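The residues making up each chain are set out below.
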Amino acid sequence: MEGSEPGRGGLRRFTWEEIGQRNGRGPAPQERWLVIDRKVYDISRFCRRHPGGSRVISHYAGQDATDPFIAFHLDKTLVRKYMSPLLIGELAPDQPSFEPSKNKKLVEDFRELRVTVEKMGLLQPNHAFFILYLCHILVLDVAAWLVIWYFGASLVSFLFSAVLLGTVQAQAGWLQHDFGHLSVFSKSRWNHWVHKFVIGHLKGAPASWWNHLHFQHHAKPNCFRKDPDVNMHPLFFALGKTLSVELGVQKKKFMPYNHQHKYFFIIGPPALVPLYFQWYIFYFAVQRKQWV
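As the structure is a prediction and not an experimental result, all values here were calculated from the model.

1. A look at the nonpolar core
Proteins that are soluble and globular tend to have nonpolar side chains buried together. Ranked by size, the top nonpolar core spans 24 residues in total, and within it Leu34, Ile36, Tyr41, Ile57 and Trp209 carry the most contacts. Residue assignment for this core shows that the elements contributing at least two residues are strand E3 (33–36), helix H2 (54–58), helix H9 (207–219) and helix H11 (260–287). No other element matches the six residues that H9 contributes to this core. Counting contributing residues per domain, this core is built from domain 1 (13–120) and domain 2 (131–288), each supplying no fewer than three. Beyond its immediate sequence surroundings of up to four residues, Ile36 is in contact with Tyr41, Asp64, Ala65, Thr66, Phe69 and Met83. Ranked by size, the runner-up nonpolar core spans 12 residues in total, among them Tyr133, Val168, Phe179 and Val198.

2. Some words on the side chain of His212
Structurally, His212 is set in helix H9. Owing to a relative accessible area of 17%, His212 belongs among the buried residues under this scheme. In contact with His212, other than residues within four places in its own chain, are Arg55, Tyr280, Phe284 and Arg288.

3. Things to note about the packing of aromatic side chains
Scanning the model with the defined rule gives 14 aromatic pairs in all. Centre to centre, the rings of Phe185 and Trp190 are 6.0 Å apart; their planes meet at 80 degrees, and the pair counts as edge-to-face. The partly exposed category is assigned to Phe185, whose relative accessible area is 25%. Relative accessible area serves as the criterion here: at 39%, Trp190 is assigned to the partly exposed category. Both rings, one in Trp210 and one in Phe215, keep their centres 6.3 Å apart while their planes meet at 75 degrees; by these two values the pair is edge-to-face. Overall, the relative accessible area of 10% leaves Trp210 in the buried class. Put simply, the rings of Phe129, Phe130, Tyr133, Phe179, Phe185 and Trp190 touch in pairs and so form one group of aromatic residues. Its end group placed over the ring of Trp33, Arg22 keeps NZ or CZ at 4.5 Å from the ring centre. A cation over a ring is seen here: Lys220 above Tyr60, with NZ or CZ 4.1 Å from the ring centre.

Calculation notes
Residues numbered from 1 in each chain as written. Predicted model: local features only at pLDDT ≥ 70, side-chain atom pairs only at ≥ 80, totals over all residues. Heavy atoms only, no water. Core = buried A, V, L, I, M, F, W, Y, C linked by side-chain atoms within 4.5 Å. Buried < 20%, exposed > 50% of the residue type's maximum accessible area, 1.4 Å probe, protein only. Helix = DSSP H or I, 4+ residues; strand = E, 2+ residues; numbered from the N terminus. Domains from an automatic or database assignment. Contact = heavy atoms within 4.5 Å. Phe/Tyr/Trp six-rings, centres within 6.5 Å; stacked < 30°, edge-to-face > 60°. Lys NZ or Arg CZ within 6 Å of the ring centre and 35° of its normal.

See the structure below:
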């Protein structure tokens, strides 16, 4: 903080070099700062109490978090009240609004696109659609069980019910996705309630488990070591240059990675859903006491 100077209202002014060092690693591993609308916030302690999870907000430590802040929060006025005690300063006037390493044109294009989408009303949900969506899932679910009950457990009735239940699971997966994103109702609480019912009682997984993984995915999509969706175990797969180089330095080689695009479809899907997802769901439920 040696190079910072008081600005308007007594707020200290910081450079991106100072902010970038407070990323949870490096010279100040315990400090985490981020920037929202040119204001600098110290989230070092708050990140543990962050309602969306510590990892989601910590992924932006040392960076500008304006766009994810807008995307993740419905009631921004309420959230800003909780942010007030975390405010420690602002960017110096000669500093850009986001990290110098970012593509300025790309950021500006994205923000222009977001404003255009909002003006077109594309983010306004059709509540009738989602009600019918949920109803048709419940009807198919009941129909699958009625087929077995009425026709008995024959091969034909079993296969027909399997088709119905498979459709239900696929449809419920996308329905819980929209409620999990809090994108249907104007109140977050209502979205959470329906989300817990759909993913918890129709699909058998904790809502908080999905939020824990998926929010990180959207906070840092396809960023290795930050997006859980691209975390690959090196026993089978090596993703991108980063992991490949690390394995090379450590002299570790488990599989013929130059052929992983060929054997992914044999190992990937069976290992992902029946093994990893099922194991991790039970582990998460027990660890977090998500008994319901």
